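Below, each chain spelled out in residue letters.
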Amino acid sequence: MSTFGSHPIELILIAMLSGGLGMPPSIPPLPEDELIARIAPQECLVFMNWAGTAEPNPNSDHATEKMLRDPRVQAYLRQLELQQAAIFPPTRDGTNPEAMLRFLFHRPTGLFLSKLKLDAQGLGEIEGGLVINLGDQAQEATATLARLKETLTDVEPITIGGNLYLRKRFAPGLPAVTWGLRGSHFIAGIGEGVVEAIEQRIGQDPPDWLAGMRQRCGVPRFSGSTYVQTAKLLRNLDTAGSPVQMLGALVGLDRIASIGSVSGMDETGCISRTEITFAADSADKALWMNQPPLTAADLNQIPSQAPAALVFRMDADRAYEWATSAWAQLNPFAKQQFDEQMTYLEQQYRFDFRQDFLRSTGSSWRVYAEPGAAALLNSWTLAIPVKDRANLSRVYDLIMQSIQATAAQGNGPPVRTTTSGRYTIYSLGDLFFYPTAPVSFSACLTDKELFVSFSLKALQGTLGRTVTSPSLAAAPAVERLLKSDSPPLAILHVNLKQCGQTILTFLDREMRQAQATRENASRSEEHTS
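So, here's what we can say about the structure. Predicted model, so just to flag it, every value in this text is computed and none were measured.

### Some points on the nonpolar core
- One finds Phe47, Phe112, Ile187, Ile198, Trp209 and Leu210 to be the most contacted residues of the largest nonpolar core, which totals 27 residues.
- Among the elements of the structure, α2 (34–37), β4 (156–160), α7 (194–201), α8 (208–216) and β8 (221–228) are those that each provide at least two residues to this core.
- In contact with leucine 210, not counting residues within four places along its chain, are Ala37, Ala40, Phe47 and Ser225.

Printed below as a string of structure tokens:
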């Protein structure tokens, strides 16, 4: 039985140690294998590579490595491996999929797709490659490949670049698969001439697009990178009008030319940088286009020691229009019910949601957690900029009056009001989603912002800060971004030290509770026997 359940702290830990766009963590990373970056072709739909995972340096003062050395984190990671082993049990022939996956994710690896086309009959065309640095497992891999050669039929030995490979076509109409060893590297390719091209590129520099992305999004200690030609891949996945293409168009992927991400470690923590390139004709459609970049003023309300924060530009009315239009195409009946409910609410409260609320908000939205022992659970705050306070205030007052009236009739949690300066805070009664971390949904409308928080205490902390209080804008990594030649439209910031302290506290509590559960179960078994 698992010691750890599905808990937000576990998800946060996994997210903190993960690379960009779903890559394996590789934290802390092994030294980069430069050969792997060279396998990427100039014309590439998808490319991923990761450095592999090293053991935490016992002498390092780096916050990430110190956290990974902590016995509580080590115990959690061992438990996670046991859970993965239960999901991928050994096969009848003794193959251990979990061990293979763990080895793959812990070794320097690169993979790419250069062609992928689907048609009405299924797979139309595919070309791609995989390279794994086997390290000291290369000799064992040689023996495994020799046994595989004897097991499979119709395998063609072939020499490429002076190295022996095996090639097989597993079914008529499918492209050939080629695999073999080049020193300590396992190389495989699907499609005609793929491995031959890999062997040629290994002696060349990485392609221009990869070198450029690594330069623009570079990190001091590389752990991995991802690149996707989004719009082109979407066009190749199916014929026009198919569900795949329709869904991609609805979420806006057809307007994104490419997404690239590089992740790793800097002097103090983990870092991931992502760049999105929009298609030339998407400026009038993308929700984030035509917005000014973020400035230090957009982050002034966020404390410098915030464990996590997300700041982004958004036109709320356009986002709502896009979301509801997509919903209408995916589920027209549910969208119709939603419209009817919104019409009822607007008539009931006498306001227009889009005109009076969404169009009364500004563009720089913030979500952040206040510092504290349970910060990642109950101190999250959403700050919405106010553009038209008169309109927004009318809607806000109507909603608060309705909530208070409902509570007075005994149909909801009690509503408390407190003041902070000249502003009124409305708070619902404490709810406990986790022991010692009460949640009291609170809201306050100031002259410039609408705050909605999980905690009255967190909201009071936000309102108590002044313009001279240390803010996230002064954090070195954030300051560099804001002062760069291309300031960002969004910033996701995670303070590893603050998050680590919270995570270790809760992992410690989880382990003590699990130990108590095991001891109680053991005593119960002894009593029964």
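Moving on, there is more to tell.
### Topic: α7
- Within the sequence span of α7, burial applies to Val194, Val195, Ile198, Glu199 and Arg201. The arc enclosing the buried residues of α7, seen along the axis, measures out at 165 degrees, which places them on a common side.

### A few points about the packing of aromatic side chains
- According to the stated counting rule, one finds nine aromatic pairs in the structure shown.
- Ring centres of tryptophan 50 and phenylalanine 105 lie 5.9 Å apart, and the angle between their planes is 70 degrees; on these two criteria the pair is classed as edge-to-face. Within this pair, whereas tryptophan 50 is found in strand β1 (residues 46–50), its partner phenylalanine 105 is found in helix α5 (residues 97–106), the two being separated by 55 residues in sequence.
- The exposure class of tryptophan 50 is buried, given its relative accessible area of 5%.
- Taken together, the aromatic side chains of Phe47, Trp209 and Tyr227 make up a single cluster linked through ring pairs.
- Positioned above the aromatic ring of phenylalanine 222, the side-chain terminus of arginine 214 is 3.9 Å from the ring centre.

### Describing the sheet that holds strand β19 (residues 449–453)
- Ordered by their spatial adjacency, eight strands build an open sheet running β14-β15-β18-β19-β13-β12-β11-β20, and the pairing between neighbours is antiparallel. Here the strands that pair on one side only, and so sit at the sheet edges, are β14 (415–420) and β20 (490–494). Sheet twist, expressed as the mean angle between neighbouring strand axes with direction ignored, is 15 degrees.
- Direction of pairing for strand β15 (residues 423–428) relative to strand β18 (residues 442–445): antiparallel, over a ladder of two bridges. Bridge pairing in β18 links serine 427 to serine 442.

### Some details on the environment of lysine 149
- Inspection of the secondary structure assignment puts lysine 149 in helix α6 (residues 138–151).
- For lysine 149 and arginine 167, which are 18 residues apart along the polypeptide, the C-alpha to C-alpha distance reads 9.8 Å.
- Beyond its immediate stretch of four places on either side in the chain, lysine 149 contacts Pro157 and Leu166.

### What to know about the packing of helix α11 (residues 316–330) against helix α12 (residues 332–349)
- At their nearest, the axes of α11 and α12 sit 5 Å apart, and the two run at 135 degrees to each other. With respect to α12, the element α11 is oriented oblique. Contacts between α11 and α12 involve Tyr320, Thr324, Trp327, Ala328, Gln329 and Leu330 from the first element and Pro332, Ala334, Lys335, Phe338 and Met342 from the second.

How each quantity is defined
- Residues numbered from 1 in each chain as written.
- Predicted model: local features only at pLDDT ≥ 70, side-chain atom pairs only at ≥ 80, totals over all residues.
- Heavy atoms only, no water.
- Core = buried A, V, L, I, M, F, W, Y, C linked by side-chain atoms within 4.5 Å.
- Buried < 20%, exposed > 50% of the residue type's maximum accessible area, 1.4 Å probe, protein only.
- Helix = DSSP H or I, 4+ residues; strand = E, 2+ residues; numbered from the N terminus.
- Contact = heavy atoms within 4.5 Å.
- Arc of directions from axis to C-beta.
- Phe/Tyr/Trp six-rings, centres within 6.5 Å; stacked < 30°, edge-to-face > 60°.
- Lys NZ or Arg CZ within 6 Å of the ring centre and 35° of its normal.
- Pairing = 2+ DSSP bridges.
- Axes fitted to C-alpha atoms, helices over the stretch in contact; angles between N-to-C directions.
- Parallel < 35°, antiparallel > 145°, perpendicular 65-115°, else oblique.

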